[in-house]
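Descriptive structure summary
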Amino acid sequence: MVSAARLESTERGLIPSGEGWFVLNARDASWRHADGRPAVCDFEGDSDFSQVGINITVLAPGQPMAMYHWEADQEDFLVLAGEALLIVEGDERPLRRWDFVHCPPGANHVIVGSGDAPCVVLAVGARDRSMGTDWGAYTVDEAALRHGAGVEEETTDEKHAYARFTWRTPTRYRDGWLP
């Protein structure tokens, strides 16, 4: 029988401790945020889930979810609220509430908030091959660059790809991030 993991109360919200099952409301979980960056709900706390990564990202209009990239594992996204722009393999596709995006391994992609209100996206990604040095890469794309979501030179270095951004720090949920 699998035991329940403990949820530890911290200054940044509840964090799961241990390998067991748990139930955690997004508003009670730990989040990561920095001015000018999307807010990210961190269900995993201090230790990554071994098989699947999952988070909720809240994008302001014009805010990129990440830098344009591909990964060695699949990633999937579900728009829970608002509107966004998907840039995938250089094509731009509008997204709206309940749109589902599947990116198989190797698909270059990024999501950018659009519309006139925040966009809430559920992101799920496999962790079979995307952890470590062969995870994928940040690639150059004109559409991504036009939307502030691209790199000017291909890299696998996260610090280089995000050099112009402030790093997110752990924080509690703030009213208004989720609908």
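Quick summary incoming for the structure in this document. Predicted model only: the values in this text are computed from it and were never measured.

1. Things to note about the overall build of the protein chain
- Counting its secondary structure elements, the protein chain contains 2 helices and 14 strands.
- Principal axes of the C-alpha set define a box for the protein chain whose edges measure 50 × 35 × 30 Å.
- Among the 179 residues that make up the protein chain, the fraction classed as buried is 46%.
- For the protein chain, the computed accessible surface area is about 9800 Å², with 49% contributed by carbon and sulfur atoms.
- Side-chain charges in the protein chain split into 16 positive and 29 negative, and the spacing between the mean points of these groups amounts to 6 Å.

2. Some words on the sheet that holds strand β10 (residues 100–103)
- Within the open sheet, the 7 strands sit side by side as β10-β7-β12-β5-β4-β3-β14. Their pairing is antiparallel. In the strand order of this sheet, the two ends are held by β10 and β14 (169–171), each with one partner. If you compare each strand with its neighbour and ignore which way they point, the axes differ by 25° on average.
- Relative to strand β12 (residues 119–126), strand β5 (residues 52–59) runs antiparallel, the two being bridged by 8 bridges. Paired with Leu59 across the strands is Cys119, a residue of β12.

3. Quick word on a nonpolar patch on the surface
- Among the surface-exposed residues, Val2, Trp21 and Val23 lie close enough to one another that they form a single nonpolar patch of about 360 Å² accessible area.
- Within the secondary structure, Val23 is located in the loop between β2 (13–17) and β3 (30–33).

4. Examining the state of the cysteines
- For the structure shown, the criterion picks out 0 disulfides.
- Counting only cysteine sulfurs, Cys119 is the nearest neighbor of Cys103, a cysteine outside any disulfide, at a range of 14 Å.
- In this structure Cys119 comes out as buried when scored by relative accessible area, which is 0%.

5. Focus on the pairing of strand β9 (residues 91–96)
- Sheet topology places strand β8 (residues 83–88) next to β9; 6 bridges connect them, and they run antiparallel. Considered in β9, the bridge of Leu86 is made with Arg93.
- Counting the residues in the hairpin turn of β8 and β9 gives 2 residues, including Glu89, whose phi is positive at 50°.

6. Focus on the packing of aromatic side chains
- Considering all chains together, one arrives at 8 aromatic pairs under this definition.
- Judged by centre distance (5.1 Å) and plane angle (40°), the rings of Trp31 and Trp177 are tilted. Residue Trp31 is found in strand β3, and its partner Trp177 is found in the segment after β14; the two are separated by 146 residues along the sequence.
- Looking at Trp177, the relative accessible area reads 13%, which means it is buried.
- An aromatic cluster is built from Trp135, Tyr138, Tyr162, Phe165 and Trp167, whose rings are joined through pairwise contacts.

So, how was this worked out
- Residues numbered from 1 in each chain as written.
- Predicted model: local features only at pLDDT ≥ 70, side-chain atom pairs only at ≥ 80, totals over all residues.
- Heavy atoms only, no water.
- Helix = DSSP H or I, 4+ residues; strand = E, 2+ residues; numbered from the N terminus.
- Buried < 20%, exposed > 50% of the residue type's maximum accessible area, 1.4 Å probe, protein only.
- Areas by Shrake-Rupley, 256 points an atom, 1.4 Å probe, with all protein chains shown as cover.
- Lys, Arg positive; Asp, Glu negative; His and termini not counted.
- Charge placed at Lys NZ, Arg CZ, Asp CG, Glu CD.
- Pairing = 2+ DSSP bridges.
- Axes fitted to C-alpha atoms, helices over the stretch in contact; angles between N-to-C directions.
- Patch = residues over 30% accessible without salt bridge, like charges linked within 9 Å, V, L, I, M, F, W, Y side chains within 5 Å.
- Salt bridge = Lys/Arg side-chain N within 4 Å of Asp/Glu carboxyl O.
- Disulfide = S-S within 2.5 Å.
- Phe/Tyr/Trp six-rings, centres within 6.5 Å; stacked < 30°, edge-to-face > 60°.

These values are about where atoms sit, not about what they do.
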